[in-house]
Protein chains: 2
Amino acid sequence: MGSNCISEDSQETVDREVKKFFDSAPPLKNHPCISEKLKNFIEQNSQLSGNGTSCRKIVCVTSGGTTVPLEQRCVRYIDNFSSGHRGAASTEYFLKAGYAVIYLHRRGTCQPYCRSLPDDPLLECFEFTNEGNIQVQRSQCEAVRKAIMDHHAALAAGFLLKLPFTTIFEYLQLLQLIAISMRSLGPAAMFYLSAAVSDFYVPWDSMAEHKIQSASGPLDMSLAQVPKMLSVLRRDWAPMAFCISFKLETDPGILLEKASMALNKYKMHAVVANELSTRKEVVVVVTGSGNTCIRRDKSQAGSDVESPLIDLLADMHSAFARSFSAQV
Amino acid sequence: MGSNCISEDSQETVDREVKKFFDSAPPLKNHPCISEKLKNFIEQNSQLSGNGTSCRKIVCVTSGGTTVPLEQRCVRYIDNFSSGHRGAASTEYFLKAGYAVIYLHRRGTCQPYCRSLPDDPLLECFEFTNEGNIQVQRSQCEAVRKAIMDHHAALAAGFLLKLPFTTIFEYLQLLQLIAISMRSLGPAAMFYLSAAVSDFYVPWDSMAEHKIQSASGPLDMSLAQVPKMLSVLRRDWAPMAFCISFKLETDPGILLEKASMALNKYKMHAVVANELSTRKEVVVVVTGSGNTCIRRDKSQAGSDVESPLIDLLADMHSAFARSFSAQV
């Protein structure tokens, strides 16, 4: 009874902080247009296909880091580093596994099917011929073909919807919009939250309007904690969905403990634990029934740790969805 | 006498702060390789050309924003926003005006001749044909051709050297290296400092090694001021060079005053004052002999404010170099 009281109290605190965060956020641009796109995408992919087989599962993959503006007319901001490589790779494997993917990504980060391209593909992959024509350099042919063809194919088939964000405000507003739009899917919806989300923010209304002046002395800043939206996602926005979050640490000594804490605190179905320096080789999937270590298949050149990871999560998701239909 | 004392005192303070900054910085990667590239580039462009005409002037254009890491194994950092558009455009006009350009730019920002491309050129400019070939979309042909041809041409001719940075530490270490390498050019060297440089930093050795934990409460941070390297550049690194710095503000009411203060304090030859919201239309060149307002030529579609700006600065630089040869 006592612990129940505490938990209700802290729920109220979270709700108050969430309200404060959204109240302080600048309004999302193109809100009606994004809602419309989402509605169409979800409708098209959740319809039974022509031959009567079951509808496509839909996953929202979040990717890249969010920024925290320090000034309203933004010159300076705090950024959470993430190349978006994990999210882009995972999107490819979810598509391969038959999912439709909403790719909620940081503007300018890695895109699906573009991971093997150089940083500046246009300048580094192309050359001009003596006849004045532009052609792909021979060594880059395969990477360029894959990027353009597979990417266009996924978009053209209507299996991939890309929504960009930059700030923490945009990210959480979009995540809320997506989650509420996906609610109708029940347990067929999945959230794969691999974005690197800021832990701290400056409330919009307490932010300097103009550029902070550096006239004298050090800069002292106090940042508020971003409310833990994972709880709100699970409880209010998408209570039936299968939810996976990520825990990234640089200190391996605390990684699994922190992942396990996140699993319990936010009631995730699984937490993918990864360490910064080895994240492309190995991850640990932490669940209520134990931990599974997933490694990249080193015997295959160019293989990704995301391949066995998505296989496992897709199986877990199927079992999760079946357990619901068994209940009904 | 009294004011002389104060100025010497403050010079000592600056020197101490500069030493502290560089001592605390992580070592620059590829230092010998970059030095070698710089040496060759400067030698090739400062030789008299075959027909005995005078050697090429060299300008170092800095572009994009620097980052300040908040953790040693960097997950979070403070970023100064800048697309790099100004530096990229200016580089094109400097090349057109006969300069060789060292383009010291933030990794991933706008590149010369690529300004009219969409954000994600490979995915947005190309399509595949029914025969399975890749081709440029008709509407993007001109932009893609310009990007690839003009960019390759400048590199192939040896008139453009691109050096990337990310952090404030890399930026200032590279700027010092470039300035010292260009010292032999005397007044034929120019610095065009359009990068958005962080005013504050966390000294490397006082930085958290691991990711800052967000366990409880707000985050309080205290950042030190980055020493004013413009003074050091003028006094020690490149005392004979022609130096242009930039002042960007969001508040037009303080812009010209701050530009004028910077001109005097750092002994620049000119300060380009620009306001965030109108910076592509108008800038004011602030010098000891007065201010010149430079506007984009609106009568010409696709014209840039950088075109008349670089014309003016190239003229000022020629007059500056002539005044030296007259003295000799």
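Each remark here, short or long, concerns the structure printed above.
What counts, and at which threshold
Residues numbered from 1 in each chain as written. Chains lettered and ligands numbered in written order. Predicted model: local features only at pLDDT ≥ 70, side-chain atom pairs only at ≥ 80, totals over all residues. Heavy atoms only, no water. Helix = DSSP H or I, 4+ residues; strand = E, 2+ residues; numbered from the N terminus. Rg over C-alpha atoms; globule rule 2.2 N^0.38 Å. Buried < 20%, exposed > 50% of the residue type's maximum accessible area, 1.4 Å probe, protein only. Contact = heavy atoms within 4.5 Å. Areas by Shrake-Rupley, 256 points an atom, 1.4 Å probe, with all protein chains shown as cover. Core = buried A, V, L, I, M, F, W, Y, C linked by side-chain atoms within 4.5 Å. Least-squares fit on C-alpha atoms with pLDDT ≥ 70 in both. Pairing = 2+ DSSP bridges. Phe/Tyr/Trp six-rings, centres within 6.5 Å; stacked < 30°, edge-to-face > 60°. Axes fitted to C-alpha atoms, helices over the stretch in contact; angles between N-to-C directions. Left-handed = near helix turned anticlockwise from the far one by under 90°. Nonpolar A, V, L, I, M, F, W, Y, C, P; charged D, E, K, R; others polar. Parallel < 35°, antiparallel > 145°, perpendicular 65-115°, else oblique. Disulfide = S-S within 2.5 Å.

Engineer: Could you give an account of the overall build of chain A, naming the residues involved and the relevant values?
Structural biologist: Each helix and strand in chain A was counted, giving 9 helices and 14 strands. Against the compact-globule benchmark of 20 Å for 328 residues, chain A has a radius of gyration of 21 Å, which places it among compact chains. The principal-axis extents of the C-alpha atoms in chain A amount to approximately 75 × 65 × 45 Å. Burial status across chain A gives 50% buried among its 328 residues. For chain A, the proportion of contacts with a sequence separation of at least 24, taken over those separated by at least 6, is 71%. If you sum the accessible surface of chain A, you get close to 15,300 Å²; carbon and sulfur atoms cover 51% of it.

Engineer: With reference to specific residues and values, describe the nonpolar core.
Structural biologist: The biggest cluster of nonpolar side chains holds 122 residues, and the ones touching the most others in it are Ile102, Met182 and Phe191 of chain A together with Ile102, Met182, Phe191 and Leu223 of chain B. Excluding anything up to four places from it in sequence, Ile102 of chain B contacts Leu38, Phe41, Ile58, Val59, Cys60, Val61, Leu161, Leu163, Ile178 and Met182 of chain B.

Engineer: Account for the relation of the copies chain A and chain B, naming residues and giving values.
Structural biologist: Turning chain A through 180 degrees and shifting it by 0.0 Å along the axis lays it on chain B, with an RMSD of 0.0 Å. Taken together, the rotation angle and the small translation identify this as a two-fold axis. Residues of chain A ranked by C-alpha distance from the rotation axis are headed by Ile78 of chain A, positioned 2.1 Å from it. When the interface residues of chain A are mapped onto chain B, 100% of them again lie at the interface, so the same face is used by both copies.

Engineer: Any details on the pairing of strand β3 (residues 76-80) of chain B? Residues and values, ideally.
Structural biologist: When you tally the buried positions in β3 of chain B, you get 5 out of 5 residues, the bulk of the element. Every second residue of β3 of chain B is oriented toward a common face, with Arg76, Ile78 and Asn80 of chain B on one face and Tyr77 and Asp79 of chain B on the other, all of them buried. Where strand β3 (residues 76-80) of chain A lies against β3 of chain B, 5 bridges are found, and the strand directions are antiparallel. Counted as the bridge partner of Arg76 of chain A is Asn80 of chain B from β3 of chain B. The pairing of strand β2 (residues 67-69) of chain B with β3 of chain B spans 3 bridges and is antiparallel. Paired with Val68 of chain B across the two strands is Ile78 of chain B, which belongs to β3 of chain B.

Engineer: Please provide a residue-by-residue account of the packing of aromatic side chains, values included.
Structural biologist: Throughout the structure, instances matching the rule amount to 23 aromatic pairs over all chains. Ring geometry for Phe21 of chain A versus Phe169 of chain A: centroids 5.2 Å apart, planes at 25 degrees, classification stacked. Of the two residues, Phe21 of chain A sits in helix α1 (residues 2-24) while Phe169 of chain A sits in helix α6 (residues 168-181), which places them 148 residues apart along the sequence. Consider the rings of Phe242 of chain B and Phe320 of chain B, whose centres lie 5.0 Å apart with planes at 45 degrees: the pair is tilted.

Engineer: So what's going on with the packing of helix α2 (residues 31-46) of chain B against helix α6 (residues 168-181) of chain B? Residues and values would help.
Structural biologist: All names here are of chain B. Running from amino to carboxyl end, α2 crosses α6 at an angle of 35 degrees, the nearest separation of the two axes being 10 Å. In this structure, α2 meets α6 at a crossing whose hand is right-handed. For the pair formed by α2 and α6, the contact residues are His31, Ile34, Ser35, Leu38 and Ile42 on the first element and Leu174, Leu177, Ile178 and Ser181 on the second. Considered class by class, the residues forming the contact of α2 with α6 number 6 nonpolar, 3 polar and no charged.

Engineer: Talk me through the packing of α6 of chain B against helix α7 (residues 229-237) of chain B; I want residue IDs and the actual numbers.
Structural biologist: All names here are of chain B. With their axes 10 Å apart at the nearest point, α6 and α7 run at an angle of 20 degrees to one another. Taken as axis vectors, α6 and α7 run roughly parallel relative to one another. Considering how the two elements wind past one another, α6 and α7 form a crossing that is right-handed. Contacts from Leu172, Leu175, Gln176, Ala179 and Ile180 of α6 reach α7 at Met229, Leu233 and Trp237.

Engineer: Mind laying out the sheet that holds β2 of chain B, listing which residues take part and the relevant values?
Structural biologist: Strand order in the open sheet made by the 4 strands is β2(A)-β3(A)-β3(B)-β2(B), with antiparallel pairing throughout. What marks the edges here is a single partner per strand, and that holds for β2 (67-69) of chain A together with β2 of chain B. This sheet shows a mean twist of 25 degrees between the axes of neighbouring strands, independent of strand direction.

Engineer: Help me get a handle on the state of the cysteines, residues and values and all.
Structural biologist: For the structure shown, the criterion picks out 0 disulfides over all chains. The closest cysteine sulfur to the non-disulfide-bonded Cys243 of chain A is located on Cys60 of chain A, 9.8 Å from its own sulfur. On the basis of relative accessibility, which here comes to 0%, the residue Cys243 of chain A falls in the buried class. Counting only cysteine sulfurs, Cys60 of chain B is the nearest neighbor of Cys33 of chain B, a cysteine outside any disulfide, at a range of 17 Å. Residue classification places Cys33 of chain B among the partly exposed positions, given a relative accessible area of 42%.

All we've got here are geometric facts, nothing functional implied.
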